[in-house]
Amino acid sequence: ADENDNETNESKETTVKTISTEWQNEQCKMFSNTRNQFYLMRDKLRSKKNFKITKLKNINSYWKFCFGDNVPVQSILSLDTFEKYTVLPTMSKMISLTQPQTHELLQYEIKWIETCGFTIQLALYIYSTLVAIEKPISEDFMYTMRLLSKACQNTRLKLMTQTNDNVTTDNETSDTKSLERSCDLFICLIGRYFGQIDLADPFN
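As a starting point, this report considers the structure included with it. (Residues numbered from 1 in each chain as written. Predicted model: local features only at pLDDT ≥ 70, side-chain atom pairs only at ≥ 80, totals over all residues. Heavy atoms only, no water.)

### Digging into the pattern of salt bridges
For the coordinates displayed, the defined rule picks out 10 salt bridges. Where Glu180 meets Lys17, a salt bridge forms, and the shortest distance between an N and an O atom there is 3.0 Å. Note that Glu180 is positioned in helix H9 (residues 170–193) and Lys17 in the loop between helix H1 (2–15) and helix H2 (21–46), a separation of 163 residues in sequence. In this structure, Glu180 and Lys17 share a single accessibility class: buried. The closest approach of N and O atoms between Asp184 and Arg181, which form a salt bridge, is 3.0 Å. Placement of both Asp184 and Arg181 in helix H9 is noted, with a separation of 3 residues, approximately one turn of the helix. The exposure class of Asp184 is buried, given its relative accessible area of 1%. (Salt bridge = Lys/Arg side-chain N within 4 Å of Asp/Glu carboxyl O. Helix = DSSP H or I, 4+ residues; strand = E, 2+ residues; numbered from the N terminus. Buried < 20%, exposed > 50% of the residue type's maximum accessible area, 1.4 Å probe, protein only.)

### So, the packing of aromatic side chains
Aromatic ring pairs are reported here in terms of the distance separating the ring centres and the angle at which the planes meet. This structure, assessed with the given rule, holds 12 aromatic pairs. Among the aromatic residues, those joined into a cluster by ring pairs are Tyr62, Trp63, Phe65, Phe67, Tyr108, Trp112 and Tyr125. When the ring centre of Trp23 is taken as origin, the NZ or CZ atom of Arg181, which lies over that ring, is 4.1 Å away. (Phe/Tyr/Trp six-rings, centres within 6.5 Å; stacked < 30°, edge-to-face > 60°. Lys NZ or Arg CZ within 6 Å of the ring centre and 35° of its normal.)

Here is the structure:
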């Protein structure tokens, strides 16, 4: 039992960073402001007669919702893909989703992190998905958000190891740092803003 406890503690130590109090508080404040703007626009758009909910049937349709028709479904994502085929998550686009669709999208985003790679474009959609989550949050939805935090912890560890172990160009290092910071952000928001404190990075 002691050996298992040590392994658990070592694993936790490698996935946790110490992030400044100011940075975490500022991210939560900006996120809250973005959500307020989102809901104001949501109420405005949904009051119009021509408002329509986006129809999404399966993982393929969710993929195309995020990445368009030019990126093969569930292919490996890369910076080149993002630069060539940028499909941004606008507020009106995210407002067209129901809450069950938003939950399903978040589940697929976690799957794509693990199977297709973590990119800035995927990070933008994850952020927008978190913005679109309505309170009160169901237990199932919160469970999925916790899975996202853990996926980001694992991804961040890989990125940190990659930066330390490999010889990279300045651009590659910059891209890696941006993705690492995105992981910091999602861990912060789920832990601090959405109240899953046990998953949050410690303040320094």
